[in-house]
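So you can see what is in the structure, the chains are spelled out below.
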Amino acid sequence: MQSDDKPTNGQHNPNFLDLLNQTPPPPDAKHWRRPKRSPRLLAAWRKSWKPGGFFYQRWEEISQARHAGWHEIAVWIKTAGLLAGLSLIVMMVDAAGDIASATLKGLSDVQATDAGDGSGLWGTVDHPIRAFLADQAAHLAVAPAALYAFWQLAGLLGLIGGFFGNAGARITWTLWGLASLAMIWSAAPAGGRAAATGLAALMWALASAFALRGLTLRPIVHNHPRSSTPSSTCTPPSPPRPRRATTSTPTFIRSSADRTLRTP
């Protein structure tokens, strides 16, 4: 079989590479045609950035807004800031709603765990709370495990937030502890109700040393020392003194010619 590269009967057979050799080389980048810009548009763009131009004034307003007060800031900057803030708030509320929905859904899907027999110190406190929540969940559309998980989450957030000094977290921790004591008193056996509640109160008090760290009930007294300089008092101006009557006395004026008597 003869190849296409070799001539047949003295004639050259056409090949695909011959078509590539016939294509002209790509033009140089220097010879590319650039799009023509409108001279009016280019002049207007340069003029807007010169002193007194539109973009120059807007840039000056942005630079002055960092050091100016609210009333001195340009209106368009206030409007843009308010719109950006509202958009950010809407996105944060939407994200917070999704997070809260996912958290509540996860709490509802918590599997029921064994409540234990209530032995030990922690079982003495934890078993009555589990029993109380299970009894109340029978009348609600929620699983007892979800109520118990939410009770644990609330206490953990109150403990951590209270340790860092958050007022809302400390209020949550206080209400969580009081509710826990009430549940233990209600669900504990009648014979050991007082002991279980007292043990829970001691545990809660020990944990409050971390949750209520730095909290004091002493009143805050601000002492302002008196200044050593005497206070200035306003004294009314003294009335003007009456002028004393003066008697006219003769004045002698000596001239070069003669002496005359002149009364002022």
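Just above, that's the structure.
Please read all numbers here as calculations on a predicted model, not as lab measurements.

(A) Up close: the packing of helix α5 (residues 120-137) against helix α6 (residues 144-163). The N-to-C vectors of α5 and α6 enclose an angle of 130°; their axes lie 8 Å apart at closest approach. As judged from the angle between their axes, α5 and α6 are oblique. The crossing of α5 and α6 is right-handed. Mapping the contact onto sequence places D126, I129, R130, L133, A134 and A137 in α5 and P144, L147, Y148 and W151 in α6. Of the residues belonging to the contact of α5 with α6, the class tally is eight nonpolar, no polar and two charged.

(B) Spatial organisation of the pattern of salt bridges. Inspection of every chain in the model, using the stated rule, returns two salt bridges. For R58, the salt bridge goes to E61, with nearest N and O atoms at 3.2 Å. On the criterion of helical spacing, the pair formed by R58 and E61 is a turn pair, its members being three residues apart in helix α3 (residues 54-65). A residue is classified by how much of its surface remains accessible, and E61, at 24% relative accessible area, is partly exposed. Note that R130 is salt-bridged to D126, the shortest N-O span being 2.6 Å. Within this pair, R130 and its partner D126 are both found in helix α5, separated by four residues, close to a single helical turn.

(C) Focus on the nonpolar core. In terms of nonpolar packing, the biggest core is built from 15 residues, with I129, L133, W151, W173, M183, I184 and A200 touching the most fellow members. Mapped onto this core, the elements with two or more residues apiece are α5, α6, α7 (167-187) and α8 (193-211).

(D) Expanded view of the environment of Q152. On the secondary structure map, Q152 appears in helix α6. Through-space distance from the C-alpha of Q152 to that of W176 is 9.6 Å; in sequence the pair is 24 residues apart.

(E) Fine view of the packing of α5 against α8. In contact at an axis separation of 9 Å, α5 and α8 are set at 105° when each is read in the N-to-C sense. Our classification of the angle between α5 and α8 gives roughly perpendicular. Each of L121, W122, T124 and V125 in α5 lies in contact with α8, whose residues at this interface are A196, L199, A200 and M203. Broken down by class, the residue content of the contact of α5 with α8 amounts to seven nonpolar, one polar and no charged.

(F) Local environment of α7. Here α7 is 21 residues long and its end C-alpha atoms lie 30 Å apart, about the 30 Å a rise of 1.5 Å per residue gives. For α7, the full list of buried residues reads A169, R170, W173, W176, G177, S180, L181, M183 and I184. Along the axis of α7, the buried positions cluster into a sector of 165°, meaning they face one direction only. More than 90 degrees from the buried face of α7, the exposed residues found are A167, I171 and L175.

Calculation rules
- Residues numbered from 1 in each chain as written.
- Predicted model: local features only at pLDDT ≥ 70, side-chain atom pairs only at ≥ 80, totals over all residues.
- Heavy atoms only, no water.
- Axes fitted to C-alpha atoms, helices over the stretch in contact; angles between N-to-C directions.
- Helix = DSSP H or I, 4+ residues; strand = E, 2+ residues; numbered from the N terminus.
- Parallel < 35°, antiparallel > 145°, perpendicular 65-115°, else oblique.
- Left-handed = near helix turned anticlockwise from the far one by under 90°.
- Contact = heavy atoms within 4.5 Å.
- Nonpolar A, V, L, I, M, F, W, Y, C, P; charged D, E, K, R; others polar.
- Salt bridge = Lys/Arg side-chain N within 4 Å of Asp/Glu carboxyl O.
- Buried < 20%, exposed > 50% of the residue type's maximum accessible area, 1.4 Å probe, protein only.
- Core = buried A, V, L, I, M, F, W, Y, C linked by side-chain atoms within 4.5 Å.
- Expected span 1.5 Å × (residues − 1).
- Arc of directions from axis to C-beta.

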